[in-house]
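Below are the chains, spelled out letter by letter.
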Amino acid sequence: MTSTRTSQSMTDRSVNFQPAAPAVRAPSPYPPAGGGGTREAPSRRALARIPLLRTLRDGSGFDVVLVLCAVGYLLVFAAFPLAYTLVMSLQQVDMFSLASFDRPFAGLDNYRDVFSRPEALQILKNTVIFVVLSITFQLSIGFGLALFFQQPFPGATYIRGVFLAGWIMPALVVGAIWKWIFAGDFGVLNYLLTSLHLTGGKIFWLSDPDVALFAVIIANIWLGIPFNMILLSVGLAAIPRDLYEAAEIDGARAFRRFRHITLPLMRSTLGAVVALGIIFTLQQFDLIAALTQGGPANASNVAQYWSWQMSFQTYEISAGSVVAVLMIALVILVAALYVRSTEREHAA
Amino acid sequence: MRTAKPFILLGLALVFAAIYLFPLYWMYVTALKSSTEIFRFPPSFWPSDPQWQFGRIFAEHAMDRYLWNSLLIAVGTTALATLVGTGAAYALSRHRNAWTAVALFLVLMLQVLPPSLMVTPIFVAFNQVGLLETPRAAVVLAQTAKVLPLYIVLCRSTFLQVPRELEDAARVDGASRIGAFLRIMIPLARNGILVVSVLIFLQSFGEYVYSRSLIAAETLQTATVGLSSFMGPNTNDWGGIMTYAAIYVTPILVVFALLQRRIVSGLTAGALK
């Protein structure tokens, strides 16, 4: 057995390597590479004289190059823009200095300017409401559905999968559909609410400053439910069944089982879902663009949309950068907490 | 009672799914209604006189051009992300040390950057180096940076599932690292790579922020931007808008329905690990 294997691998080395070979062959009992150095083919021996080429071809240099390609791309197209926003937030950037590399330095004046605007406080408040309400409802509805679909019944996984349709659709299209559902005079939502006698008259969801933000939040909750539900389902599936059985034998009712088994064991998953929820909610742009464009009079505007408006509609690029810097810092902080918490869990 | 419970649950599940999918249903129903029926109040929940206006809307709103631009951007993004990301995902799956931890952390951090905030510096920088001359390519470059981290994370979990012994065996048999990667690891991880690529493709097909901000020429705009200009402030053609939306999302929903289970398992593996 040993001799045939050796001869076979020697012939393999002289001819071209067959891609299908290892799939049929049992895993090699030999330690990887290294040992075969004395039997190198001539071309490889020549290569081996140049250490850099050798490590690229046969050593960990190969991995380093592969990782550097992707990291290099991200540094150029993600990390550099990140640093560039920070620079621009300290400069005077408008239509005239847009293409110039030498722009006047403004320092923290830009930050002072943004925070002294009358709409700043309202948009900040809106952003907090948007994030908190979206996540609260996405999480509780998603959790409820995840628990529901955890029960055994025919078609459970299939029907659960149907919910993901809302997640894969472009958010702009979702916004368009909801805009029609919310329509004041002919919208189906107003019809349902009035025929169920939940509201007295028609609500002008998108043009009434008091409700526009909540309309956007409702659509955003709809969009976020599937993702929350699926991640929480994965967490629920990981809880050992016998814990529940033992509790049931001890006479614990469903609510107590939920409080004392499900919730404590889901803590890390819930943490992850909340962190991801904050990140995705702060990325939401398309929905606002489709539904209200931040209006009326900033009543439904949130920071990430405001930043874009300043940069691309009024061309106050410094001001747009200021908001971008602050929001990105917040998002990165949340993401760092999330990654650290998952890492700690893996170490434990 | 014991035998009835699963069916009660099934009934409830169908009710929940119906409530959740109502907006989708409403899109299709509105697309089929006549223009007078749309503005009837109370609204009808089934079109009394179904109109087939898909062809008309498709032609009138130049959807072939919009969809073609969206397709180009989605294909370009998927190709570039696959090209740049697959190797990195493989390399990061092979080692577990401080360096890979740093690289993974960097990748995860860059994944969360909101496009509506990143587009400001990208626009200014691309304008300065002349990339806005080729706006669709500019969108591909920006969108790739957005989806690449997710691609790497999901693809890495695919490579982690390929037994390392197979690669070691190939190396013993004389394959170089590149040979083992291209001929052993990639074919074995093919299905996972395909699913992740489809996910990236579907996301890029619905991209909006970058297309809206970086593409000035109307003829180069994507289907999302076309839809948003259709929805302008004074429009009342909701039948047309819903028809447009239906034409746009039906292919996405079909592809997703076919690959749904695999996309979900890949996604959850990547998000929680």
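Conventions adopted
- Residues numbered from 1 in each chain as written.
- Chains lettered and ligands numbered in written order.
- Predicted model: local features only at pLDDT ≥ 70, side-chain atom pairs only at ≥ 80, totals over all residues.
- Helix = DSSP H or I, 4+ residues; strand = E, 2+ residues; numbered from the N terminus.
- Buried ≥ 20, exposed ≤ 12 C-beta atoms within 10 Å, placed from the backbone.
- Contact = placed C-beta atoms within 7 Å.
- Nonpolar A, V, L, I, M, F, W, Y, C, P; charged D, E, K, R; others polar.
- Axes fitted to C-alpha atoms, helices over the stretch in contact; angles between N-to-C directions.
- Left-handed = near helix turned anticlockwise from the far one by under 90°.

Caption draft 1: Representation of the overall build of chain A. Summing up its helical and strand segments, chain A has 18 helices and 0 strands in all. Residues counted as buried form 39% of the 348 residues belonging to chain A. Residue pairs in contact within chain A that sit at least 24 positions apart in sequence constitute 68% of those at least 6 positions apart.

Caption draft 2: Just the interface of chain A and chain B, in detail. Listed by partner, the interface residues are 95 residues for chain A and 96 residues for chain B. Looking at the side of chain A that touches chain B residue by residue, the classes come out as 72 nonpolar, 14 polar and 9 charged.

Caption draft 3: Inspection of the packing of helix α5 (residues 61-88) of chain A against helix α6 (residues 98-111) of chain B at higher detail. Packing of α5(A) against α6(B) brings their axes to within 11 Å, and their N-to-C directions diverge by 35 degrees. Pair α5(A) / α6(B) crosses with left-handed handedness. Mapping the contact onto sequence places A:Val67, A:Val71, A:Leu74, A:Ala78 and A:Ala79 in α5(A) and B:Ala103, B:Leu106, B:Val107 and B:Leu110 in α6(B). Residues that form the contact of α5(A) with α6(B) fall into these classes: 9 nonpolar, no polar and no charged.

Caption draft 4: Up close: unusual backbone geometry. All names here are of chain A. For Gln293, which is not a glycine, the phi torsion comes out positive at approximately 50 degrees. Inspection of the secondary structure puts Gln293 in the loop between α16 (286-291) and α17 (303-312). At Asn298, a residue that is not glycine, the phi angle is positive and equals roughly 65 degrees. The topology assignment puts Asn298 in the loop between α16 and α17.

Caption draft 5: Examining helix α11 (residues 188-195) of chain A more closely. Of the positions making up α11(A), those classed as buried are A:Val188, A:Leu189 and A:Asn190. In this fold, the buried residues of α11(A) make contact with α10 (171-182) of chain A together with α2 (22-32) of chain B. Of the residues flanking the end of α11(A), it is A:His197, one or two places downstream, whose phi is positive at about 60 degrees.

Caption draft 6: A look at the environment of B:Arg183. Residue and element names in this part refer to chain B. Among the secondary structure elements, Arg183 is positioned in helix α10 (residues 177-188). The exposure class of Arg183 is partly exposed, given the 19 C-beta atoms found within 10 Å. A C-alpha to C-alpha distance of 9.6 Å links Arg183 and Glu167, two positions 16 residues apart in sequence.

So yeah, pure geometry; function would need other evidence.
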